[in-house]
Amino acid sequence: MKRKPFLAGNWKMNLDRKSGVELVRALRDGVGGVGDRDIAVFPPFVYLDEIVRAAAGSNVRVGAQNLCDEKNGAFTGEVSAEMLRDVGVTHVLVGHSERRHLFGEGDELCNRKVVRGLAGGLHVILCVGETLDERDGARTEQVIGRQLTKGLAGVDAGSLERITIAYEPVWAIGTGRNATPAQAGEAHRYLRGVLSGLYDERAANSIRIQYGGSVKPDNVATLMAVPDVDGALVGGAALKADSFLAIVRYN
Ligand code: PEP
């Protein structure tokens, strides 16, 4: 079964107000006729409000790169799910490898963020992925299985329609070295099996699993042809309208 493709662009800490708005306007104009796939961009927090307004009326959704695991209160510097919803944000990333590895976010914190994001009405993209050491040590399945299982702890089947999983091998992010279709297929199949064990086969088959890690216009179609690959989470190639549009329009 092929699920509706979901192509997402993570801007990370890049672009400024002007170039972000220009980019989203170009996407809005360029994806007008693309109705058979979901599209989202993930700008930095400070531009979300403006990017939501620039994307209004289009099929480009806007997500945040992070959120707080608390609802409100004395958490200086944090942003809640409710605040994101308040400015029209619909999606949020949790557990991106840069959050896990540069900012020390572990499975328990990621899980609290998943739960908070869902409670706040957001669609959550939970990112999982192994480092090169872990892959070389034949621990890929152990690591991504643990990140998935712990990340979804306490998430009931009724909330799964607002969950997407992103398999992002750490060694492929920003390196120009994408996983081969076989490697991506193997990991995605494994993750779907874990989902099936956590919920059931029907639920596992309905959840989209994006691949992320050096997705470019010239490799997206091959990766998307893999049966269990349902979308892409794109970093570098999402920063320019022409390359992200080429990815969104792959065939
Ligand atoms: C990412 O930021 O999640 C990512 C996959 O980056 P890149 O496409 O640049 O590897």
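The paragraphs below set out a description of the structure included in this document. Position numbers for residues start from 1 in each chain and track the written sequence from start to end. Predicted model: local features are reported for residues with pLDDT of at least 70 only, side-chain atom pairs are reported and counted for 80 or more only, and whole-chain, interface and lining totals are derived from all residues. The side-chain values count all of the structure's non-hydrogen atoms but skip hydrogen atoms and water molecules.

To continue, consider the sheet that holds strand S5 (residues 123–128). Sheets are built from strands that pair by backbone hydrogen bonding, the pairs being arranged parallel or antiparallel. At least two bridges found by DSSP between two strands is the condition for calling them paired. Put simply, DSSP marks the helices as runs of H or I at least four residues long and the strands as runs of E at least two long, and each gets a number from the N terminus on. An order of S1-S2-S3-S4-S5-S6-S7-S8 is seen for the eight strands of this closed barrel, with the pairing classed as parallel. Direction aside, neighbouring strands of the sheet carry axes that sit 25° apart on average. Contact definition: two residues touch when any of their heavy atoms are within 4.5 Å. Between the N-to-C directions of two axes lies an angle of 0 to 180 degrees, each axis being a line fitted to C-alpha atoms and, for a helix, fitted only over the stretch in contact. Lying over the sheet, helix H5 (residues 107–119) contacts strand S4 (91–94), S5 and strand S6 (163–167), oriented at roughly 165° with respect to S5.

Moving on to the pattern of salt bridges. By definition, a salt bridge exists where a carboxyl oxygen of Asp or Glu is found within 4 Å of a side-chain nitrogen of Lys or Arg. What the rule picks out here adds up to 20 salt bridges. The shortest N-O distance in the salt bridge between Asp 38 and Arg 208 comes to 2.8 Å. Placement of the pair is Asp 38 in strand S2 (residues 38–42) and Arg 208 in strand S7 (residues 208–212), with a sequence separation of 170 residues. Arg 99 serves as the salt-bridge partner of Glu 105, at 3.0 Å between the closest nitrogen and oxygen. Counted as one network, the salt bridges with shared partners bring together Arg 3, Arg 192, Asp 228 and Asp 230.

Burial classification: accessible surface area is computed with a 1.4 Å probe over protein chains only, and a residue below 20% of its type maximum counts as buried, one above 50% as exposed, and the rest as partly exposed. All of the buried residues along helix H2 (residues 48–55) are Leu 48, Ile 51, Val 52, Ala 54 and Ala 55. All buried residues of H2 fall inside an arc of 165° around its axis, so they share one side. Here the buried face of H2 lies against helix H1 (17–30), S2, strand S3 (60–64) and helix H3 (81–86). Just beyond H2, the residue with positive phi is Gly 57, at close to 85°. This arc is taken over the directions from the axis of the helix to the C-beta atoms.

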